[in-house]
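# Chain and residue survey
The primary structure of each chain is shown beneath.
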Amino acid sequence: MISSPLFVKELKEAKWKIITGLLITGITGASLPFLVDYLGVFVEQMAMPEWARSILGQQLGNYPLYLWSNWYGKNLLQFSVAFAVIIAGPLIAGERARNTLEFLASRPLSRVQIILTKAAAGSVSLGVIILVSTVITLVASYAAARPVPVAWFMSGLLPQYAGALVFFNLALMLSVRSDDGLKAAVIAGGIALLLFAAEWVAPLRGRTVISMMAASRSFVTGDVHFGHLFFMLLLALGLLWAALTAFRQSDV
Amino acid sequence: MIEIRNVSKSYNKGQIKAVDDLSLQVQPGEIFGFLGPNGAGKTTTIKMIVGLLEPDRGSIVVNGYDIRKDPIKVRKSIGFVPDNPSVYERLTGIEYLNFLGDMYDVPRAVRTKRAKELLELFELTGDVGNLIQSYSHGMRQKLVLIGALLHAPDVFVLDEPMVGLDPRSAHNLKEIMSRHCQEGKTVFFSTHILDVAERLCDRIGIIRRGKLIACGTMDQLRHMANNKETLENVFLELTEQ
Ligand SMILES: Nc1ncnc2c1ncn2[C@@H]1O[C@H](COP(=O)(O)OP(=O)(O)OP(=O)(O)O)[C@@H](O)[C@H]1O
Ligand SMILES: [Mg+2]
């Protein structure tokens, strides 16, 4: 099903995206445990609405809450979604734009192999960025003498990655029919933005993929919400299936 | 061996008939030249042979494999040089060749030997470690040629392969094509360079508006025209309105 030569070529081409992604997420994650001190000064001195002051105050008194909500609820959440669409958007569209899709399609590879291999390589790249930056964040926490339970913290990765795969496969599906990788990424990113915004609408709050990724309930209970996890993985698979079907029907 | 039977292909939901009931055969050990005015349907035919386009009607058999039933085996037995040498710019030349070698399961030792010979022949040895984005058009064309030959394909399919090649490389390519057919393999190529077709091909097909209007050896084609001096005369006469 997977063509290893193509897989290797994909990783070679994605090398700089992975490195850039790791730098940005890694630096952000590593600075989180150290920024908490400045947050105190910030809360004291800045003019801000009372509700914001109270949320920040809570986080200050509770380091695990601060770390989880900033990493899984904000920084990594945004990066996961952004890198998912940036990596997946050009996977097919970019090859079409560069005229290399014809090259690929005239090799001894099936369409299914092409798309599954690309999806696999992209998911691995995305996974590496998410995993390594989270480990960096954890290590930085210990370095800042603010330890948090390791298994508890790492469990936040599961919904995070599953949700990222949803947006990855959404962008891949758009990529299959397009010759503009940036456009595919921007449209998928736009849909993600709408879901971010939906968090402000009371009936939708906590019900979007975005909030499932942040997994605030897992923070409280320490358990992974397998229902959400299953839902996101199913959605990701459905989108991958749609991408595959579209690719088999499309001209190269 | 290539066997095209009653193949038709149209674009834009049937509005543009690019290939119209085309039938032809190319035997092993034969060099077949495919000629025709711009927009006649040469590239469309070639894309169907290599599996990039599916025929609307008719069948194509390559090396005994039907393109519908065994597309992978067909592509495995073909070395294909498309009309524009678009290659992965962010790979180096050698990475590109290894990528191909891996895809066609060419053993390392065989691959190294073949690549070395071909790179030397096309004077690309010094550039093979550089990123492809630094290559000129002709260098890319040569790299694609080398890549297409790396797995020693039984059928060599080329779409206007001489474009952009310097005289020595064009000469070498012709040598390779001759050698290929002497080994009992099949060569099918499209070109606008009639001299090359005249000197190189065992048989020539002329396509116009999707239909094969003439097909045969140089002598046979001459018999079809009044002015028999050169292939150019014959071509101009046959492709006239
Ligand atoms: N992707 C496409 N969509 C619509 N029409 C197309 C497409 N590709 C080719 N055509 C049309 O099909 C016909 C045959 O085109 P084709 O590219 O096969 O010609 P050709 O013989 O290779 O020409 P040239 O010598 O210029 O390369 C032309 O009328 C062309 O306009
Ligand atoms: Mg053409």
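These remarks concern the structure in this document. From a predicted model like this one, the values you see are computed outputs, not experimental measurements.

With that out of the way, let us pick up the packing of helix α3 (residues 63-88) of chain A against helix α6 (residues 111-143) of chain A. Residues and elements named next belong to chain A. Two elements in contact, α3 and α6, have axes whose closest approach is 11 Å; the angle formed by their N-to-C orientations is 160 degrees. The orientation of α3 with respect to α6, classified from their angle, is roughly antiparallel. In the crossing of α3 with α6, the sense of the turn from one axis to the other is right-handed. Packed against α3, whose contacting residues are Tyr-63, Leu-67, Trp-71, Tyr-72, Leu-76, Ser-80, Phe-83, Ala-84 and Ile-87, the element α6 presents Gly-122, Ser-125, Leu-126, Ile-129, Ile-130, Ser-133, Thr-134, Thr-137 and Ser-141 at the interface. Split by residue class, the contact of α3 with α6 holds 11 nonpolar, seven polar and no charged.

Looking now at the side chain of Thr-100 of chain A. By secondary structure assignment, the location of Thr-100 of chain A is in the loop between α4 (90-97) and α5 (101-105). Non-local contacts of Thr-100 of chain A, meaning those with residues more than four positions away in its chain, are made with Glu-95 of chain A together with Ser-86, Val-87 and Tyr-88 of chain B.

With that out of the way, let us pick up the pairing of strand β4 (residues 57-62) of chain B. All names here are of chain B. Both strand β1 (residues 2-11) and β4 contribute to a ladder of five bridges, which runs antiparallel. By the bridge assignment, Ile-2 is partnered in β4 with Val-62. In the sheet, β4 pairs with strand β5 (residues 65-66) via two bridges, with the strands oriented antiparallel. Bridge pairing in β5 places Val-62 opposite Tyr-65. Turn length for the β4-β5 hairpin, with the two strands adjacent in sequence and antiparallel, is two residues, and the turn residue Asn-63 shows positive phi of about 55 degrees.

What counts as what
Residues numbered from 1 in each chain as written. Chains lettered and ligands numbered in written order. Predicted model: local features only at pLDDT ≥ 70, side-chain atom pairs only at ≥ 80, totals over all residues. Heavy atoms only, no water. Axes fitted to C-alpha atoms, helices over the stretch in contact; angles between N-to-C directions. Helix = DSSP H or I, 4+ residues; strand = E, 2+ residues; numbered from the N terminus. Parallel < 35°, antiparallel > 145°, perpendicular 65-115°, else oblique. Left-handed = near helix turned anticlockwise from the far one by under 90°. Contact = heavy atoms within 4.5 Å. Nonpolar A, V, L, I, M, F, W, Y, C, P; charged D, E, K, R; others polar. Pairing = 2+ DSSP bridges.

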